[in-house]
Amino acid sequence: MKGTNLGEFEELVLLTVVALMEDAYSVAICDELSNLTGRSIKLGVVHAVLNRLEEKGLVKSELGEATKTRGGKRKRFYQLTIPGKAALVHAKSMRDQLWDSIPSLVWEKV
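Residues numbered from 1 in each chain as written. Predicted model: local features only at pLDDT ≥ 70, side-chain atom pairs only at ≥ 80, totals over all residues. Heavy atoms only, no water.

Draft legend 1. Helix α4 (residues 82-100), seen in detail. Between its first and last C-alpha atoms α4 spans 27 Å; for 19 residues at 1.5 Å apiece the expected length is 27 Å, and the two agree. Among the residues of α4, those classed as buried are Gly 84, Ala 87, Leu 88 and Ala 91. One side of α4 carries all its buried residues, which in axial view fall inside an arc of 95 degrees. Along α4, the residues that are exposed and aim more than 90 degrees away from the buried face are Ile 82, Lys 85, Val 89, Gln 97 and Asp 100. Each element contacted by the buried residues of α4 is listed here: α1 (8-20) and β2 (74-80). (Helix = DSSP H or I, 4+ residues; strand = E, 2+ residues; numbered from the N terminus. Expected span 1.5 Å × (residues − 1). Buried < 20%, exposed > 50% of the residue type's maximum accessible area, 1.4 Å probe, protein only. Arc of directions from axis to C-beta. Contact = heavy atoms within 4.5 Å.)

Listed below in structure tokens is the structure:
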């Protein structure tokens, strides 16, 4: 397994995979990220990140059944792995520690 450090977008993709559960395929992930972030998200970028996350062992994928609505093509569905969950928990813990380390007085001055 490659390194498990997460970039911001990798973290967002992983969180979206978890949130979508059984419906986590690239187009749905891309649409959900666009809706949540208000940013234009390119499908090719989502594919690249999903491939990288799979190489790192943080997600696994499998092909669904072929459907007539997709011209017989199959969707690739993604699922969080145990190392993926650990990476997300670690990222959240680091963020929480950083937020907690900011004195409340600092926020009053900004």
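Draft legend 2. The arrangement of the packing of α1 against helix α3 (residues 43-55) in detail. In contact at an axis separation of 10 Å, α1 and α3 are set at 85 degrees when each is read in the N-to-C sense. As the angle between them shows, α1 and α3 are arranged roughly perpendicular. Judged by residue contacts, Phe 9, Glu 10, Val 13, Leu 14 and Val 17 of α1 engage Val 45, Val 46, Val 49, Leu 50, Arg 52 and Leu 53 from α3. Grouping the amino acids of the contact of α1 with α3 by side-chain chemistry returns nine nonpolar, no polar and two charged. (Axes fitted to C-alpha atoms, helices over the stretch in contact; angles between N-to-C directions. Parallel < 35°, antiparallel > 145°, perpendicular 65-115°, else oblique. Nonpolar A, V, L, I, M, F, W, Y, C, P; charged D, E, K, R; others polar.)

Draft legend 3. Here's a closer look at the pattern of salt bridges. For the structure shown, the criterion picks out four salt bridges. Asp 96 is the salt-bridge partner of Lys 92, the closest N and O atoms lying 2.7 Å from each other. A residue pair is termed a helical-turn pair when its members lie 3 or 4 positions apart in one helix, as Lys 92 and Asp 96 do in helix α4 at four residues. Members of the salt-bridge network, linked through shared partners, are Glu 10, Arg 52 and Lys 56. (Salt bridge = Lys/Arg side-chain N within 4 Å of Asp/Glu carboxyl O.)

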